[in-house]
Amino acid sequence: DVKVTQSSRYLVKRTGEKVFLECVQDMDHENMFWYRQDPGLGLRLIYFSYDVKMKEKGDIPEGYSVSREKKERFSLILESASTNQTSMYLCASKNDLSDEQFFGPGTRLTVL
Amino acid sequence: KQEVTQIPAALSVPEGENLVLNCSFTDSAIYNLQWFRQDPGKGLTSLLLIQSSQREQTSGRLNASLDKSSGRSTLYIAASQPGDSATYLCAVRPGGGADGLTFGKGTHLIIQP
């Protein structure tokens, strides 16, 4: 089974802090994704990566950056956290043959 | 811009019933459609993926159908059980090379014992 892990289940940060969310997959997938999930808005794509050091903006990239230095690891960075970035963050990895996306358990981030 | 709608937003049925969840999308030029379930406070679990060239996929008590031309998919759950209680999400991968999924807001399903 594909395993996607995220570094923290819950995280509390202060406004202005730099925040790193880490995601690791163990299936040698090329493509990885970061989404955020908010009540009433559903899941929205922030960034994705189709190879090491390659990235593409999703629908809501403002206020975020990403890093993919190794194939198995995809990091989401909040350069200066703000209260409107309080959300559930979900990482996904995609099977390159079947196109099926597999999700991690999520990180619930609260910015105070 | 692709929009995905799921109806109903919430559904409560007695155990043992067969039920249908609906998903519609505005742009029929999709690459594939995927159904997920999400338990409270958890990540998403992939249930079924239907390629744009397929009409349906089955896994155990679940059957998903796709009518691309009309922009609709249904998820059929047979002989529902309390363990099926969750939020069910439909997502499409748009055509044209885009890789990210566009999600509906989900159907919150409760199966009463």
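So, here's what we can say about the structure.

The rules behind each value
- Residues numbered from 1 in each chain as written.
- Chains lettered and ligands numbered in written order.
- Predicted model: local features only at pLDDT ≥ 70, side-chain atom pairs only at ≥ 80, totals over all residues.
- Heavy atoms only, no water.
- Disulfide = S-S within 2.5 Å.
- Helix = DSSP H or I, 4+ residues; strand = E, 2+ residues; numbered from the N terminus.
- Buried < 20%, exposed > 50% of the residue type's maximum accessible area, 1.4 Å probe, protein only.
- Pairing = 2+ DSSP bridges.
- Axes fitted to C-alpha atoms, helices over the stretch in contact; angles between N-to-C directions.
- Phe/Tyr/Trp six-rings, centres within 6.5 Å; stacked < 30°, edge-to-face > 60°.

**Let's talk about the state of the cysteines**
Residues and elements named next belong to chain A.
Then, in step 1: With the rule as written, the count across this model stands at two disulfides over all chains.
Then, in step 2: One disulfide bridge connects Cys23 with Cys91, the sulfur atoms lying 1.8 Å from each other. Across the S-S bond of Cys23 and Cys91 the torsion is about -75°, and the bridge reads as left-handed. Placement of Cys23 in strand 3 (residues 19-25) and of Cys91 in strand 9 (residues 87-94) is noted, with a sequence separation of 68 residues between them.

**Points about the pairing of strand 8 (residues 72-77) of chain B**
All names here are of chain B.
Then, in step 1: The alternating pattern of strand 8 places Ser73, Leu75 and Ile77 on a buried face and Arg72, Thr74 and Tyr76 on a face that is not buried.
Then, in step 2: Here six bridges tie strand 3 (residues 19-25) to strand 8, and the two strands are oriented antiparallel to one another. Its bridge partner lying in strand 8, Leu21 is registered against Leu75.
Then, in step 3: Bridging between strand 7 (residues 62-67) and strand 8 involves six bridges; their strand directions are antiparallel. Paired with Asn63 across the two strands is Tyr76, which belongs to strand 8.
Then, in step 4: Counted between consecutive antiparallel strands, the loop separating strand 7 from strand 8 contains four residues, among which Gly71 sits at a positive phi close to 70°.

**A closer look at the sheet that holds strand 7 (residues 64-70) of chain A**
The pairing of strands in a sheet happens through backbone hydrogen bonds and is either parallel or antiparallel.
All names here are of chain A.
Then, in step 1: With respect to topology, four strands assemble into an open sheet ordered 1-3-8-7, the strand pairing being antiparallel. Edge positions in the open sheet fall to strand 1 (4-6) and strand 7, since each of these has one partner strand only. The mean angle between the axes of side-by-side strands here comes to 20°, regardless of whether they run parallel or antiparallel.
Then, in step 2: Bridge analysis of strand 7 against strand 8 (residues 73-78) gives five bridges, and the strand direction is antiparallel. Bridge pairing in strand 8 links Ser65 to Ile77.

**Overview of unusual backbone geometry**
Then, in step 1: Here Ile7 of chain B and Pro8 of chain B are connected by a cis peptide whose omega angle stands at 0°.
Then, in step 2: Following the sequence through the fold, Pro8 of chain B ends up in the loop between strand 1 (4-7) and strand 2 (10-14).
Then, in step 3: Notably, Asp99 of chain A is not glycine yet its phi reads approximately 75°, a positive angle.
Then, in step 4: Examined against the element boundaries, Asp99 of chain A turns out to sit in the loop between strand 9 and strand 10 (101-103).
Then, in step 5: For Asp99 of chain A, a relative accessible area of 9% corresponds to the buried category.
Then, in step 6: The phi dihedral of Ala79 of chain B is positive, around 50°, even though this residue is not glycine.
Then, in step 7: If you trace the backbone, Ala79 of chain B turns up in the loop between strand 8 and strand 9 (86-94).

**A few points about the packing of aromatic side chains**
Then, in step 1: In this structure the tally under the stated criterion is eight aromatic pairs over all chains.
Then, in step 2: For the pair Phe103 of chain A and Phe103 of chain B, a centre-to-centre distance of 6.1 Å together with 80° between the ring planes defines the contact as edge-to-face. Remark: Phe103 of chain B occurs in strand 10 (residues 102-103) and Phe103 of chain A occurs in strand 10; the pair is interchain, linking two chains.
Then, in step 3: Taking the relative accessible area as the measure of exposure, Phe103 of chain A reaches 9% and is therefore buried.
Then, in step 4: What makes Phe103 of chain B buried here is its relative accessible area of 9%.

Function-wise, these values are silent; they only describe arrangement.
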